[in-house]
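Below, each chain spelled out in residue letters.
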Amino acid sequence: PPAQRGVMDALVLVFAFVTGACFGSFVSLASWRLPRGEGIVKESSRCVMCRTTLAARDLVPLLSWVWNRARCRACGASVHWRYPAIEAATGLAFVLAVAQTGLTAQAVVLCLLAVALMVMIVVDFEHYIIPDTVQIALLALGIVYHALLATPFA
């Protein structure tokens, strides 16, 4: 029935937003660490002021910032609004990709492109550089995206 279809579509978009916000958390981490030459995979998330490793409850996209009143639970340092803004923007990018293409391989590649572009935009805005690793990721994703959409010559 059409009503069920509308509910399913809404749930898919909510799922896309939540997934995007989670990836937005990664964007925040990567855009902070890459310009400083820090690793983005092996090291745990930590407060930039007191270096305390963050617990899972501190890493819930958007909500942790609100729950903790924009402060580190360990040292009370202010947590910049850039973190929830990046999470929300990435969530919105995922919603737009899924709304445009549905749950497809194309949507997945578009979402990954959005993540790489968000990292590039944030790093460029804050440091006036674009890390090589981001450019390489964009190149690889662009090739994958083209391969998914390539049509043979007529």
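Preceding this paragraph is the structure being described.
Within any chain, residue numbers begin from 1 and follow the written order of that chain's sequence. In keeping with the model being predicted, local features are shown solely for residues with a pLDDT of at least 70 and side-chain atom pairs are shown and tallied solely at 80 or more, while totals for entire chains, interfaces and linings include all residues. Hydrogens and waters are ignored; side-chain quantities use all the structure's heavy atoms.

Visitor: Got a minute to help me understand the environment of Phe26 in this structure?
Guide: Numbering of helices and strands runs from the N terminus, with a helix taken as a DSSP run of H or I at least four residues long and a strand as a DSSP run of E at least two residues long. Locating Phe26 in the fold gives a position in helix 1 (residues 2–33). Burial classes follow relative accessibility: with a 1.4 Å probe on protein chains only, a residue under 20% of its type's maximum area counts as buried, one over 50% as exposed, and anything between as partly exposed. When its relative accessible area of 33% is taken as the criterion, Phe26 is described as partly exposed. Expressed as a C-alpha distance, the spacing of Phe26 and Pro61, which sit 35 residues apart in the sequence, is 9.9 Å. The contact criterion used throughout is that any non-hydrogen atoms of two residues lie within 4.5 Å. Those residues within four positions of Phe26 in sequence are excluded, and the remaining contacts are Ile40 and Val115.

Visitor: Where do I start with the side chain of Glu87 in this structure?
Guide: Structurally, Glu87 can be placed in helix 3 (residues 82–101). Beyond its immediate sequence surroundings of up to four residues, Glu87 is in contact with Gly20, Ala21, Gly24, Ser25, Pro61 and Leu62.

Visitor: Quick question: what am I supposed to make of the pattern of salt bridges here?
Guide: Two side chains that carry opposite charge are able to pair once their charged atoms sit near each other. The salt bridge criterion pairs a side-chain nitrogen of Lys or Arg with a carboxyl oxygen of Asp or Glu, the two atoms within 4 Å. All told, the structure shown has 4 salt bridges when counted by the stated rule. Where Asp58 meets Arg73, a salt bridge forms, and the shortest distance between an N and an O atom there is 2.6 Å. Separated by 15 residues along the polypeptide, Asp58 in the loop between helix 1 and helix 2 (63–67) and Arg73 in the loop between helix 2 and helix 3 bring together distant segments of the chain. Accessibility expressed as a relative area gives 14% for Asp58, which makes it buried. Look at Arg73 and you get partly exposed, because its relative accessible area is 43%. Connected through shared salt-bridge partners, Glu38, Glu43 and Arg46 make up one network.

Visitor: Even after reading the chapter, I still don't get helix 3, so can you show me in this structure?
Guide: Counting along an α-helix, one turn takes 3.6 residues, and residues three or four places apart therefore face a common direction. Given the number of residues in a helix, its expected span is that number minus one, multiplied by 1.5 Å. The end-to-end C-alpha separation of helix 3 is 28 Å, in line with the 28 Å expected for 20 residues at 1.5 Å each. By the burial criterion, the buried members of helix 3 are Arg82, Pro84, Ile86, Glu87, Thr90, Gly91, Phe94, Val95, Ala97, Val98 and Thr101. Lining the buried residues of helix 3 we find helix 1, helix 2 and helix 4 (105–127). Two residues or fewer past helix 3, Gly102 is found with a positive phi of approximately 80°.

These figures come from the coordinates and say nothing about function on their own.
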